[in-house]
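# A structural walkthrough
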Amino acid sequence: MALTLLTQTYVAAWGALLPVAALLLFRRRLPRRAFAASLAVFLAGAALYAIGLLTRAEVNTTKAGSFLSGGWQGFSGVGLRHAARLVNGIDFRPAYAAGNPAGEVWPALSWAAVIVLTLALLAGLARAVLALRRPGRERRLAIVLLVWFGAPLLLTSIKGAFDVHPHYLLLTLPAGHLLAAWGMKRNAKRRREGTQRDAEEEFFSLRLSASSLRLSAFLLLALIGLIFAHDLYRANELVARQPTQPNFDGWSLAAAAEAGHALRQLVLADAGPFPRRIVAGGDKALLSGLSATDVQPVRGVAFPDFVLLPSAAPLVYVYDGHVGVPSWLQPWLREEPALTFDDGKRLGLARTQPLLTAAPALVETLVGWPSDAGLTFAGYTLTERPDGALELITAWRVDELHPDRGLWYVAASYHLLDAAGNLVANVEAQGQWGHRWELGDVYVERVTIPGPIPAGGRVEIGLFDSVRRVGYTLFDDGTATGHYVASAAAVAQPAQDSGGDSLTGCATTRVSYAIMMIMNAALAPVLQQLRAGLEAQYGDRLDRVLLYGSQARGDAGPESDVDVLVVLAGEVDPVAEIAQTEYLVAALSLEHDLVLSCVFLSLEEYYDEADLFLRYVRHDAIPV
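Bear in mind the structure is a predicted one, so any value in this text is a computation, not a measurement.

Turning next to the overall build of the protein. Check the secondary structure of the protein and you find 17 helices and 25 strands. Out of the 624 residues belonging to the protein, those deemed buried represent 41%. Carbon and sulfur atoms provide 60% of the accessible area of the protein, an area that totals close to 33100 Å².

In structure tokens, the structure reads:
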């Protein structure tokens, strides 16, 4: 039962098939009824899982093809390398401490130790495989060691969107050492050659041989330990001189503790759900360990020219402190004091609050065109620099999460065309995998386009999937169009500041992006309380909560209602849902002196393309 639940809930749980195979081998030692019942439950779960795969056969077939053809999903040698290094210690060679004069003796001894342990591991694996042919204790031992060593190795050998971290290979550490020891162990059984030996002489020779073998093994292991201790000492010398490395890997304990403390203080400065998102190099396990907090690294953000502004919870940025936060981002990213380390490295830290409560302006021109990718082109700022180049800042909001987005890599496309429609410049843009999107998040990108715009020319802004090689459609009031056109008339005058960097032509006194898209910051607490109440009421049935109408468009008056669309999974009875939420809606309306108006729809109804009302709702709606 436990294995069945594991395989249905964990992304790499197919590795549990190895223990299942082991259970099949040992089936004769298990109670028949319990074994049959467990196997039946497992097969039933596997059948349900197979049915689920068939419901998205086209997508899963594409994934399988990518896996088998060596695409971005497939087998990787990373797991094998890490599993081997835990036994042979190859990472502790003096080469790790590059620049340390170690002479010629220690590197030679280090390589010899690595080779000996590698050969011992290979011999142990070969011996375990051969032992499978012989019934008895050795075969049982071989099965245990091979499964113990092989299951985590296979799990870490798959590359894809949800990689299993090599730290899982620490599970293989005892098994790898046992296999290496088995490979070094001499077979105590000696075949008799037919000649008669004196029993006393044979007993003495066997004892002498065993004693010599134990002494040799002890001396060999002691020598290997001495070699590795020397190499580790040399490596520590290097770390002391260079306490910080890229992606938080290989840091000194003192530097890592200082950085981890600063991260923890910043990440926990606001209340919110776990894990806390953080834009930083390094993997989840490493960053969570440093900060002693459950954090989730945000991938695919190229600070400072492609940034994420969150919708629901604060976001922490970690970057090169020598660069700092550029002036055009300073209204949204609050810069914290940087950390300086002994090697001269500076760790920059900044935090951005959710857009739901943001005040500064985000872009000059508001657009609000949705796309069939689920991203809405919120707006842009186009500025001509003194050198004639164009600085373009675009904002893209995540409004829908399509089921097939896992294989999408969506990026903006920027084309500068002349009056005849000829391509003058094609600017490469950053992109993001669809499986990393979260509703309401806004991606902001800054690019430089060789300019100026030719007379009668224009800048075309669109969306493109570089993996599937397809373009996405933008919708202007429900009318499909391939791209948005920005003409020379849209070019703003460059803003002047002390740093000489363009502020995107937006003054912070302009109507803010958050106000235009969510009415004003005073409405944010009401919507947050409403969503919290709906989550408590419906739990997993609650698919999304959307603000629409005049409040979302930014043209609401003092007496305007607050129109909210609530989308639920399963069948929905609007009358019953209104009755269930009547107390919550009434209490919030009285408390905040406004009129909340909730409309309830099922998920199936929400995606009805024929409904004109819903088309307008999807165009204007803002996720709550």
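The structure having been displayed, the exposition proceeds.
Turning to the pairing of strand 3 (residues 276–279), a few remarks are in order. Neither face of strand 3 is open: one carries Arg-276 and Ile-278, the other Arg-277 and Val-279, and all of them are buried. The sheet contact formed by strand 3 and strand 4 (residues 295–297) spans three bridges and is parallel. Bridge pairing in strand 4 links Ile-278 to Pro-297. For the segment spanning strand 3, helix 11 (residues 284–291) and strand 4, crossover handedness is right-handed. Bridging between strand 3 and strand 6 (residues 315–320) involves two bridges; their strand directions are parallel.

Glancing now at the packing of helix 13 (residues 524–538) against helix 15 (residues 574–592). Following both chains from N to C, one finds helix 13 and helix 15 inclined at 155 degrees, their axes separated by 11 Å at the closest point. One finds that helix 13 runs roughly antiparallel with respect to helix 15. Where helix 13 crosses over helix 15, the handedness of that crossing is right-handed. Of helix 15, the residues touching helix 13 (which contributes Val-526, Gln-529, Leu-530, Gly-533, Leu-534, Gln-537 and Tyr-538) are Glu-577, Gln-580, Thr-581, Leu-584, Val-585, Leu-588, Glu-591 and His-592. Residue composition of the contact of helix 13 with helix 15, by class: seven nonpolar, six polar and two charged.

Among the ten residues in strand 10 (residues 375–384), nine count as buried, and that is most of the element. Pairing analysis gives four bridges linking strand 9 (residues 365–370) to strand 10, with the strands arranged antiparallel. Bridging from a neighbouring strand, Pro-370 pairs with Thr-376 of strand 10. The pairing of strand 10 with strand 11 (residues 390–398) spans nine bridges and is classified as antiparallel. In the sheet register, Gly-379 faces strand 11, and the bridge partner there is Ala-395. The hairpin formed by strand 10 and strand 11 contains five residues between the paired strands, and Gly-388 there has a positive phi angle of roughly 95 degrees.

What follows covers the sheet that holds strand 7 (residues 333–340). Spatial strand order, 4-3-6-8-7: five strands in an open sheet with mixed pairing. The sheet is open, and its two edges are formed by strand 4 and strand 7, each paired on a single side. Each adjacent strand pair in this sheet contributes to an overall mean axis angle of 25 degrees, direction not counted. Sheet contacts for helix 10 (residues 253–267): strand 3, strand 4, strand 6, strand 7 and strand 8 (346–352); angle to strand 8, the most-contacted strand, approximately 10 degrees.

Moving on to the sheet that holds strand 24 (residues 596–602). Hydrogen bonds between backbone atoms are what pair the strands of a sheet, whose relative direction is either parallel or antiparallel. Strands sit in the order 24-23-22-25 across an open sheet of four strands; the sheet is mixed. In this open sheet, the two strands that pair with only one neighbour each are strand 24 and strand 25 (622–623). In this structure, strand 22 (residues 542–548) lies alongside strand 23 (residues 562–568), joined through six bridges in antiparallel fashion. Note that in strand 23 the partner of Arg-544 across the bridge is Val-567.

A few words now on unusual backbone geometry. Residue Pro-304 is bonded to the preceding Phe-303 through a cis peptide linkage, with omega at 5 degrees. Along the chain, Pro-304 turns up in the loop between strand 4 and strand 5 (306–309). The residue Asn-247 is not glycine, and still its phi comes out positive at about 60 degrees. Given the relative accessible area of 48%, Asn-247 is considered partly exposed. A positive phi angle is found at Phe-248, which is not glycine, with a value near 65 degrees. As for its position among the elements, Phe-248 is in the loop between helix 9 (199–241) and helix 10.

Tallying each qualifying case throughout the model produces 13 aromatic pairs. With a centroid separation of 5.6 Å and 45 degrees between ring planes, the pair formed by Phe-303 and Tyr-317 is classed as tilted. Residue Phe-303 is located in the loop between strand 4 and strand 5, and its partner Tyr-317 is located in strand 6; the two are separated by 14 residues in the primary sequence. The exposure class assigned to Tyr-317 is buried, which follows from its relative accessible area of 0%. Measuring from centroid to centroid gives 5.1 Å for Tyr-409 and Trp-433, while their planes differ by 65 degrees, and the two rings are edge-to-face. Linking Tyr-409 in strand 12 (residues 409–417) with Trp-433 in strand 14 (residues 431–433), this pair joins segments that are 24 residues apart in sequence. Ring-pair connections join several aromatic residues into one group, and the members of that group are Trp-369, Phe-377, Tyr-380, Trp-396 and Tyr-484. The ring of Phe-274 carries the charged tip of Arg-276 above its face, separated from the ring centre by 4.3 Å.

Counting residues in each nonpolar core, the largest one holds 54 residues, and the members touching the most others are Tyr-317, Ile-449 and Val-459. Leu-530, Leu-547, Leu-568 and Ile-622 belong to the second-largest nonpolar core, a separate cluster that totals 21 residues.

On to helix 8 (residues 173–184), then. Helix length check: helix 8 (twelve residues) gives 17 Å between terminal C-alpha atoms against 16 Å at 1.5 Å per residue, within 8%. Where helix 8 is buried, its residues meet helix 5 (78–88), helix 6 (105–131) and helix 7 (137–155).

Now for helix 7. Spanning 19 residues, helix 7 covers 28 Å between terminal C-alpha atoms, matching the ideal 27 Å at 1.5 Å per step. Turning to helix 7, its buried residues are Ala-142, Ile-143, Leu-145, Phe-149, Gly-150, Ala-151, Pro-152, Leu-153 and Leu-155.

Here we take up a positive patch on the surface. Judged by side-chain charge, Arg-27, Arg-28, Arg-29, Arg-137, Arg-139, Arg-140 and Lys-185 come together as a positively charged surface patch. Assessed through its relative accessible area of 79%, Arg-28 is described here as exposed.

Moving on: the pattern of salt bridges. Oppositely charged side chains are able to pair whenever their charged atoms sit close together. Under the counting rule described, the total for this entry stands at twelve salt bridges. One salt bridge connects Asp-305 with Arg-446, and the closest N-O pair in it is separated by 3.1 Å. Of this pair, Asp-305 sits in the loop between strand 4 and strand 5 while Arg-446 is found in strand 15 (residues 442–449), placing the two residues 141 residues apart along the sequence. Its salt-bridge partner being Glu-391, residue Arg-385 comes within 2.7 Å of it at the nearest N-O pair. Judged by relative accessible area, which is 26%, Arg-385 ranks as partly exposed. Linked through salt bridges whose partners overlap, the residues forming this network are Asp-305, Arg-385, Glu-391 and Arg-446.

Calculation notes
Residues numbered from 1 in each chain as written. Predicted model: local features only at pLDDT ≥ 70, side-chain atom pairs only at ≥ 80, totals over all residues. Heavy atoms only, no water. Helix = DSSP H or I, 4+ residues; strand = E, 2+ residues; numbered from the N terminus. Buried < 20%, exposed > 50% of the residue type's maximum accessible area, 1.4 Å probe, protein only. Areas by Shrake-Rupley, 256 points an atom, 1.4 Å probe, with all protein chains shown as cover. Pairing = 2+ DSSP bridges. Right-handed = clockwise from strand over helix to strand, strands pointing away. Axes fitted to C-alpha atoms, helices over the stretch in contact; angles between N-to-C directions. Parallel < 35°, antiparallel > 145°, perpendicular 65-115°, else oblique. Left-handed = near helix turned anticlockwise from the far one by under 90°. Contact = heavy atoms within 4.5 Å. Nonpolar A, V, L, I, M, F, W, Y, C, P; charged D, E, K, R; others polar. Phe/Tyr/Trp six-rings, centres within 6.5 Å; stacked < 30°, edge-to-face > 60°. Lys NZ or Arg CZ within 6 Å of the ring centre and 35° of its normal. Core = buried A, V, L, I, M, F, W, Y, C linked by side-chain atoms within 4.5 Å. Expected span 1.5 Å × (residues − 1). Patch = residues over 30% accessible without salt bridge, like charges linked within 9 Å, V, L, I, M, F, W, Y side chains within 5 Å. Salt bridge = Lys/Arg side-chain N within 4 Å of Asp/Glu carboxyl O. Lys, Arg positive; Asp, Glu negative; His and termini not counted. Charge placed at Lys NZ, Arg CZ, Asp CG, Glu CD.

Remember, this is a structural readout, not a statement about activity or role.
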